[in-house]
Amino acid sequence: MGLILKGIFGLILAFTFYSVITIYTKLSTVPKTPVYEDIWWGKGDPAKENTNIKPFKVDISKEIIDDLKYRLQHAVPFQQPLEGVKQHYGMNTNLLTKIVDYWKNNYNWTERQEFLNQFPQYTISIQGLKIHYIHVKPQINKQSNIKVLPLMLLHGWPGSVREFYELIPLLTTPQKGRKVVFEVIAPSLPGYGFSEASNKPGLNTARAAQIFKNLMGKLGFNMFYVQGGDWGALIVNRLSILYPENILGAHSNMCSCMSTICNIKFWLLGGICPSLIGTKEEIPQFSPIFKKFVQDLLFLEMGYMHLQATKPDTVGVALRDSPVGLAAYIIEKFTSWTNPEWKNLDDGGLTRKFTYEKLLDNVMIYWVTRSITTSQRFYAENFNKAFMAEGLNEIPVTVPTACARFKHELSIQPKSILKHGYLNLVQTTDFEDGGHFAAFEVPDLLANDVYDFIKKVV
Ligand SMILES: *[C@@H]1O[C@H](CO)[C@@H](O)[C@H](O)[C@H]1NC(C)=O
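Quick notes on the rules
Residues numbered from 1 in each chain as written. Predicted model: local features only at pLDDT ≥ 70, side-chain atom pairs only at ≥ 80, totals over all residues. Heavy atoms only, no water. Helix = DSSP H or I, 4+ residues; strand = E, 2+ residues; numbered from the N terminus. Rg over C-alpha atoms; globule rule 2.2 N^0.38 Å. Buried < 20%, exposed > 50% of the residue type's maximum accessible area, 1.4 Å probe, protein only. Contact = heavy atoms within 4.5 Å. Patch = residues over 30% accessible without salt bridge, like charges linked within 9 Å, V, L, I, M, F, W, Y side chains within 5 Å. Areas by Shrake-Rupley, 256 points an atom, 1.4 Å probe, with all protein chains shown as cover. Salt bridge = Lys/Arg side-chain N within 4 Å of Asp/Glu carboxyl O. Phe/Tyr/Trp six-rings, centres within 6.5 Å; stacked < 30°, edge-to-face > 60°. Lys NZ or Arg CZ within 6 Å of the ring centre and 35° of its normal. Core = buried A, V, L, I, M, F, W, Y, C linked by side-chain atoms within 4.5 Å. Disulfide = S-S within 2.5 Å. Pairing = 2+ DSSP bridges. Axes fitted to C-alpha atoms, helices over the stretch in contact; angles between N-to-C directions. Expected span 1.5 Å × (residues − 1). UniProt positions renumbered as here; feature names shortened; annotations may be inferred. Polar contact = N/O pair within 3.5 Å; in protein donor to acceptor, adjacent residues only side chain to side chain.

### As for the overall build of the protein
Regarding its fold elements, the protein presents 19 helices and nine strands. In terms of overall dimensions, the protein is globule-like: its C-alpha atoms have a radius of gyration of 24 Å, near the 23 Å expected for 458 residues. Seen through its principal axes, the protein has C-alpha atoms that stretch 90 × 65 × 50 Å. The proportion of buried residues among the 458 residues of the protein is 51%. Of the contacts formed within the protein by residues at least 6 apart in sequence, a portion of 80% connects residues at least 24 apart.

Below, the structure is given as structure tokens:
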């Protein structure tokens, strides 16, 4: 009897062991990297394309600016906020009133347009779309032995190239003690700001990466460095996976391993016992996420994502029609994503790190280009079964990578997880400051981190 029980027990043990090994092997199998043909995103059938580079200046018609002024003057009075709720019901309309007053009375578009035009900008047609980009070459004297390296900067949502205006001079001007300087190319994502939106479904992060690889090729850069946050970080990831031969190094301020193994390790193992996946220093950074995730992140902060991933065109109608609605929707993100504590403040903390002027520059880029709907569609293009099934999240990055971890980033992963997704992780830096919009908020910290990284890989 005892022998039979022992036998059965042994069989169960062996079977369990076998299953675990099989599942682990299956999950660890890296799918083949997809090879994408160039798709024509322009209207109708592919046509012959004029790929000349054209200089570009922001030059918005008087009609659009007059119309904006009219809409701001005639906005329906805001709903009074509940008493004492700070930013907990979304943007507090007392705060919004202050921002809109500034917009009406102090924000001078003539000046801001000049500001936006301080860097050389161009457009070029890629796969049927007019893509807008800033291109700044450093001024260095010929005798200096400072090396110039091409660097592409990629923004996200609800951002724009405006996020990079303070960062660009730091990267394109020789810095004391640094032996390299950058030639910066900062494009607007397709459907964002001054870049044309796709006419066909399917333009996701992988396809955006393809467009930007093609853009760099057209500019004569077959090999280049990349930096990005938010969607920009995801596109940096896709560029690294799909075109490792073109990417010299990837700097990300939102590194994340999203493979099945990483998800199991991070959420399951990390949730049960954080010390299994993180060091003593890392645990306070990522561990609160498990407790906070369901309530604070999933339910309180991710509603916009669900909306944009499913019905971007519906909410887009309202936001395209109402500048005050657009400002509330966009600027709200610059409170809680910069620092979650700012939701508890009457003024949303905004002026601690930004100015109304800066924040409105970014809103204006969405408003004058009428691009909020097309920017939101990017969520639908990325969060869908067909694209997920391509398995890009399962493919690790092999190019040299730096992960900058800013204190208030929405989600921070420990090194042990990142190492699964980035096989050549050269640098991870932890910052005691900064949130989701690092380039916009702490450009000096970000610039230094990029320089430190490049020094290691160049
Ligand atoms: C806006 O700025 C321009 C350029 O500096 C200036 O000429 C104009 O008077 C300003 N408009 C207002 C309303 O202050």
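### Focus: a nonpolar patch on the surface
Together, Ile4, Ile8 and Ile12 give the surface a local cluster of nonpolar side chains, amounting to about 300 Å² of exposed area. Relative to the elements of secondary structure, Ile12 occurs in helix H1 (residues 2–28).

### Side note on the packing of aromatic side chains
This model, assessed by the stated rule, comprises 25 aromatic pairs. Geometry around Phe440 places Lys358 over its ring, the cationic atom sitting 4.6 Å from the centre. One residue, Arg370, lies across the ring of Trp367, its end atom 5.1 Å from the ring centre.

### Quick notes on the nonpolar core
The biggest cluster of nonpolar side chains holds 123 residues, and the ones touching the most others in it are Trp157, Leu171, Phe182, Phe212 and Leu215. Per-element accounting of this core gives the leading share, nine residues, to helix H14 (residues 356–369). Those residues in contact with Phe182, other than ones at most four positions away along the chain, are Val136, Pro138, Val148, Leu149, Leu151, Leu171, Thr172, Val450, Tyr451 and Ile454. In this structure, Cys262, Phe266, Ile277 and Phe286 belong to the second largest nonpolar core, which totals seven residues.

### Remarks on the state of the cysteines
Scanning all chains against the criterion turns up two disulfides. In this model, Cys255 is linked to Cys403 through a disulfide, with the two sulfur atoms separated by 2.1 Å. Around the S-S axis, the bridge from Cys255 to Cys403 shows a dihedral of about -85 degrees and counts as left-handed. Within this pair, whereas Cys255 is found in the loop between strand E7 (247–252) and helix H8 (260–272), its partner Cys403 is found in strand E8 (residues 401–406), the two being separated by 148 residues in sequence. Just as Cys255 is buried, Cys403 falls in that class too. Two residues share a disulfide in this structure: Cys257 and Cys262, whose sulfurs sit 2.0 Å from each other. Here the S-S torsion is close to 85 degrees, and the disulfide linking Cys257 with Cys262 is therefore right-handed.

### Let's talk about unusual backbone geometry
Residue Pro158 follows Trp157 across a cis peptide bond; omega there is -5 degrees. Structurally, Pro158 is set in the loop between strand E4 (147–154) and helix H5 (167–172). Located in the positive-phi region is Arg370, a residue other than glycine, with phi close to 55 degrees. Position of Arg370 among the secondary structure elements: in the loop between H14 and helix H15 (372–382). Since its relative accessible area comes to 27%, Arg370 is described here as partly exposed.

### Description of the sheet that holds E7
What links the strands of a sheet is backbone hydrogen bonding, and the strands pair in either a parallel or an antiparallel sense. Strand order across the open sheet formed by nine strands is E1-E2-E3-E5-E4-E6-E7-E8-E9, with mixed pairing between neighbours. Edge positions in the open sheet fall to strand E1 (54–56) and strand E9 (425–431), since each of these has one partner strand only. The average undirected angle you get between the axes of adjacent strands in this sheet is 25 degrees. Looking at chain direction, E4 and strand E5 (residues 180–187) are connected through six bridges and run parallel. For Lys147, the partnering residue across the bridge sits in E5 and is Val180. Across the face of the sheet, helix H6 (residues 205–218) comes into contact with strand E2 (121–126), strand E3 (129–136), E4, E5 and strand E6 (224–228) while running at roughly 115 degrees to E2.

### Describing helix H12 (residues 323–336)
Given a rise of 1.5 Å per residue, 14 residues ought to cover 20 Å, and the 21 Å separating the end C-alpha atoms of H12 matches this to within 8%. Those residues of H12 lying buried are Pro323, Val324, Leu326, Ala327, Ala328, Tyr329, Ile330, Ile331, Lys333, Phe334, Thr335 and Ser336.

### Quick look at the UniProt feature "active site" (unreviewed entry) in the protein
The residues that UniProt annotates with the feature "active site" (unreviewed entry) are Asp230, Tyr379 and His436. Positionally, Tyr379 belongs in helix H15. Those residues in contact with Tyr379 that sit more than four places away from it in its chain are Trp157, Trp231, Tyr304, Met305, Gln308 and Ala309. Its place among the elements puts His436 in the loop between E9 and helix H18 (438–441). Sequence-distant contacts of His436, that is, excluding residues within four places in its chain, are made with Asp230, Asn253, Met254, Trp337, Thr338, His408, Glu409 and Leu410. A polar contact of 2.7 Å, which involves the side chain of His436, links it to the side chain of Glu409.

### Comments concerning the side chain of Ser375
Note that Ser375 resides in helix H15. Ignoring any residue separated from it by four or fewer positions in sequence, one finds Ser375 in contact with Trp157, Gly191, Tyr192 and Tyr366.

### Considerations on the pairing of E3
Here is the key point about a regular strand: its side chains alternate between the two faces of the sheet. The buried fraction of E3 is high, at seven of eight residues. In textbook terms, the turn of a hairpin is the stretch between consecutive antiparallel strands, and for E2 and E3 this stretch comprises two residues, one of which, Gln127, has a positive phi near 50 degrees. Pairing analysis gives four bridges linking E3 to E5, with the strands arranged antiparallel. Across the sheet, His135 pairs through a bridge with Ile185, a residue of E5.

### Overview of the pattern of salt bridges
Tallied over the entire structure, the rule returns 18 salt bridges. For the salt bridge of Arg405 with Asp430, the shortest nitrogen-to-oxygen distance reads 2.8 Å. Residue Arg405 is located in strand E8, and its partner Asp430 is located in strand E9; the two are separated by 25 residues in the primary sequence. Residue classification places Arg405 among the buried residues on the basis of a relative accessible area of 7%.

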